[in-house]
Amino acid sequence: MRGFGFSKFTPNQIPKGGFEELLKLFLELLNYTAGDAGEALAWLNELDKQYNITNDNYGMGDFIDELKQKGYLDENKQDGSFNITAKAEQSIRQSALEEIFGKLKKSGKGNHRSPQSGQGDERNAERREFEFGDSLDQIDMTQSIHNAQINHGIGGDFMMTERDLEVEEMDYKTLTSTVLMIDISHSMILYGEDRITPAKKVAMALAELIRTKYPKDTLDIVVFGNDAWPISLQDLPYLQVGPYHTNTYAGLELATDMLRRRKTHNKQIFMITDGKPTCLKEGTKYYKNSIGLDRKVVNKTLNMAAQCKRLKIPITTFMIAKDPYLQQFVRKFTETNGGRAFYSSLNGLGEYIFEDYIKNRRRTVR
């Protein structure tokens, strides 16, 4: 029997004890402490003092013991410090995925579908007449029988010809290689706003989405400050902002080199940044200028965007700053590359990136 159940609504209810509830809170805190388990547990203790999230039957000591027993924490026997394990790192990624992906509308199954129809991998809503070479499992039997009845009547001798057959069109599944660039310059924590934590969370969620839903796709992660370097999935929880300027050129150059080595036709760069390019590396020295938009830095960055366009690598920029002159630069950058730009708040960043990734169904058919 279907029906509705009603209960008292308590706004902003704090979880009360229990391993699973405390684990969710602990994993969230790890995002803000750059994977520092000791600091996250200290914060959890402070929250317990303020909101009484544990009880007489299940205390913080019980929670820590269970974290160790279930393989989320390793304890250093010499100094008593804690480190998170690979299982905890994966749980952080899964938690980020559930948080971001759960906000999206349910999307179609399968991998990235392309606009090209024919003998593909996934059915769509279109129908057409049967052609030589079509697979038998593409035939829409219900519609084909209906056609036969219309064309030949519904007498005692049922007859179906090739012209009565209708087949379901198929979409090709595509493979996509993506490089996610994350700005770790000092501006990502300026003015009291934490921009690096949402960027990390999105990267972890996107990596987990690809691993589980699109396992044949590839995701590489590049961070850029004064220089640019690749990081592994395991490094993400520990990522922190440094005392860096923004060398966007170096990040794009590295991302392009990584995509050149990928054998897929579909290649793209997602770049999360909050500022303008302010740095170039010339030999062993750095050219830096944080005042305004430096012509030398900007032009070299635009040249790199144009090179990506020639290589058919679109760049989608997720700009988490609203300064008009910075948006003007992003518009010029996007126009040069032929890519896209989103001016996103921190709260909407994950949804923007996920929707853009899932809707990217382009494919070059050769």
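Residues numbered from 1 in each chain as written. Predicted model: local features only at pLDDT ≥ 70, side-chain atom pairs only at ≥ 80, totals over all residues. Heavy atoms only, no water.

### A closer look at the pairing of strand S12 (residues 315-319)
Worth spelling out the cut-off: Burial classes: relative accessible area under 20% of the type maximum marks a residue as buried, over 50% as exposed, and values in between as partly exposed (1.4 Å probe, protein chains only). Numbering of helices and strands starts at the N terminus; helices are DSSP runs of H or I of at least 4 residues and strands are runs of E of at least 2. Strand pairing is assigned whenever DSSP detects at least two bridges linking the two strands.
Counting buried positions along S12 yields 5 of 5 residues, so the element is predominantly enclosed. Of the two faces of S12, the one lined by Ile315, Thr317 and Met319 and the one lined by Thr316 and Phe318 are each fully buried. Pairing geometry for strand S9 (residues 266-273) and S12, over 5 bridges, is parallel. Directly across from phenylalanine 270, in S12, lies its bridge partner threonine 316. Of the strand pairs in this sheet, S12 and strand S13 (residues 340-343) are connected by 4 bridges, and their pairing is parallel. Across the sheet, residue threonine 316 finds its bridge partner in S13, namely arginine 340.

### What to know about the packing of aromatic side chains
Heads up, the rule is: Here is the rule: rings of Phe, Tyr and Trp (six-membered ring for Trp) pair when centre to centre is within 6.5 Å. Planes less than 30 degrees apart are stacked, more than 60 are edge-to-face, and the remainder are tilted. A ring has a charge above it when a Lys NZ or an Arg CZ is no more than 6 Å from the ring centre and no more than 35 degrees off the ring normal.
Under the criterion given, the structure shown has 7 aromatic pairs. Seen in terms of ring centroids, phenylalanine 26 and phenylalanine 63 are 6.0 Å apart; in terms of plane orientation they differ by 80 degrees. Their pairing is edge-to-face. Here phenylalanine 63 lies in helix H3 (residues 60-69) and phenylalanine 26 lies in helix H1 (residues 19-32), a separation of 37 residues in the sequence. Like phenylalanine 26, the residue phenylalanine 63 is buried in the burial classification. Here the aromatic residues Phe19, Phe26, Phe63 and Tyr72 are joined through ring pairs into a cluster of three or more. Here the guanidinium or amino end of lysine 296 rests over the ring plane of tyrosine 287, the centre of that ring lying 4.3 Å away.

### Topic: unusual backbone geometry
In this structure, asparagine 52 is a non-glycine residue whose phi angle is positive, near 55 degrees. In this structure, asparagine 52 sits in the loop between helix H2 (37-51) and H3. Positive phi, close to 60 degrees, is recorded for lysine 312, a residue that is not glycine.

### Brief notes about the sheet that holds strand S7 (residues 218-224)
Put simply, the test is: Axes, fitted as lines to C-alpha atoms, cover a helix only where it is in contact. Angles between the N-to-C directions of the axes lie from 0 to 180 degrees.
One open sheet accounts for 6 strands, arranged S8-S7-S6-S9-S12-S13; its pairing is mixed. Each edge of the sheet is formed by a strand with only one pairing partner; in this case those strands are strand S8 (228-231) and S13. Averaged over neighbouring strand pairs, the angle between their axes works out to 20 degrees when direction is ignored.

### Side note on the pattern of salt bridges
Put simply, the test is: Here, a salt bridge means any side-chain nitrogen of Lys or Arg that lies within 4 Å of a carboxyl oxygen of Asp or Glu.
The final tally for this structure, using the stated rule, is 12 salt bridges. A salt bridge links glutamate 208 to arginine 93; the nearest nitrogen and oxygen atoms lie 3.2 Å apart. With glutamate 208 in helix H6 (residues 196-213) and arginine 93 in helix H4 (residues 86-101), the pair connects residues that are 115 residues apart, well separated along the chain. On the basis of relative accessible area, glutamate 208 is assigned to the buried category, the value being 1%. Its salt-bridge partner being aspartate 274, residue arginine 195 comes within 2.4 Å of it at the nearest N-O pair. With arginine 195 in the loop between strand S6 (176-183) and H6 and aspartate 274 in the loop between S9 and strand S10 (279-282), this pair connects stretches of sequence that are 79 residues apart. Like aspartate 274, arginine 195 is buried. Overlapping salt bridges bring together Asp65, Lys68 and Glu75 as one network.

### Some thoughts on the packing of H1 against H6
How two helices pack is summed up by the angle between their axes together with the distance between the axes. We apply this condition: Should an angle fall under 35 degrees it is taken as roughly parallel, and over 145 as roughly antiparallel, whereas 65 to 115 is taken as roughly perpendicular and any remaining angle as oblique. Any two residues having at least one pair of non-hydrogen atoms within 4.5 Å are treated as being in contact.
Two elements in contact, H1 and H6, have axes whose closest approach is 9 Å; the angle formed by their N-to-C orientations is 120 degrees. Looking at the two axes, H1 sits oblique to H6. Residues Glu28, Asn31 and Tyr32 of H1 touch H6, and the partners they reach there are Thr197, Lys200, Lys201 and Met204.

### What to know about the packing of H1 against H3
Direction vectors running N to C along H1 and H3 enclose 80 degrees, while the axes themselves pass 11 Å from each other. When the axis of H1 is compared with that of H3, the two are roughly perpendicular. Of the residues in H3, those touching H1 at Phe19, Leu22, Leu23 and Phe26 are Phe63, Glu66 and Leu67.

### A word on the environment of isoleucine 92
Its location among the elements puts isoleucine 92 in helix H4. Classification of isoleucine 92 by relative accessible area gives buried; the value is 1%. Separated by 109 residues in the primary sequence, isoleucine 92 and lysine 201 have C-alpha atoms spaced 8.5 Å apart. Setting aside residues up to four positions removed in sequence, isoleucine 92 forms contacts with Leu27, Leu30, Asn31, Ile84, Met204 and Pro237.

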